[in-house]
Amino acid sequence: IGTLFGPAQVLARIVELSFGHNVHPLLVARTAVTLLVTAFALLALFGISTLTAAAFALMFGGANGLITITRGALPLALFGSEGYGRLIGRISGPWLVMQSAAPLVMAFVAERASDKAALAFAASFVLVALACFAAIRRPAPTV
């Protein structure tokens, strides 16, 4: 089941590359995070089984593939190219800290509470991310 993650990432990137030419990166990011929320909701509603785990892996992989694209494209679309390198560097710092701490934190939560609690903990961060992306407004086009 874990092997579905990688192909789902690649497929999502191919679909975005093929059909997303005129789609704002903010919409792609919102779609990706909504897909991730849906993946967690699927587990919460139907429990963990082979089928739901496979669906979760596909949705999580697809969302991750799209987020990888928007991580670079969205700041450029929202803030422009001036100072882009510095901005990406500032954004990357907290991202790298979170990415490196996540396995330890998730293991701690799963060990101290339960697997369901760890999934709920992760899902809560996804919901916060969705709220943040929903709050972002596209900049007005410059004339």
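Further up the page is the structure itself.
Every chain's residues receive numbers from 1 upward, in the order its sequence appears when written. Where local features are concerned, this predicted model is filtered to residues with pLDDT of at least 70; where side-chain atom pairs are given and counted, the filter is 80 or more; whole-chain, interface and lining totals use all residues. As a rule here, side-chain values cover all heavy atoms of the structure and leave hydrogens and water aside.

Colleague: What's the story with the layout of surface pockets in this structure? I'm lost.
Modeller: To find leftover empty space, one rolls a probe the size of a water molecule over the atoms. The method works on a 1 Å grid over the protein atoms by themselves. A cavity is a set of points holding a 1.4 Å probe that cannot get out, a pocket is an open set with protein on both sides within 12 Å along at least five of seven lines, and residues with an atom within 4 Å of a point line them. Grid points are joined across faces, edges and corners, and a volume is the space filled by probe spheres set on the points. Approximately 1,400 Å³ is the volume attributed to the largest pocket. As for the largest pocket, its lining consists of 34 residues, and the residues nearest its centre are Ile67, Trp95, Met98, Phe125 and Ala129. Comment: elements are numbered from the N terminus, with helices defined as DSSP H or I runs of at least four residues and strands as E runs of at least two. Elements supplying a minimum of two residues to the lining of the largest pocket: helix 2 (25–46), helix 3 (50–79), helix 4 (84–112) and helix 5 (115–135). Per element, the largest residue contribution to the lining of the largest pocket is 11 residues, and it comes from helix 3. Taken together, the residues of the lining of the largest pocket break down into 29 nonpolar, 4 polar and 1 charged. Lining the second largest pocket, in full, are Phe40, Ala41, Leu43, Ala44, Gly47, Ile48, Lys116, Leu119, Ala120 and Ala123. Residue assignment for the lining of the second largest pocket shows that the elements contributing at least two residues are helix 2 and helix 5. Residues were grouped as follows: Ala, Val, Leu, Ile, Met, Phe, Trp, Tyr, Cys and Pro as nonpolar; Asp, Glu, Lys and Arg as charged; and all remaining residues, including Gly, as polar.

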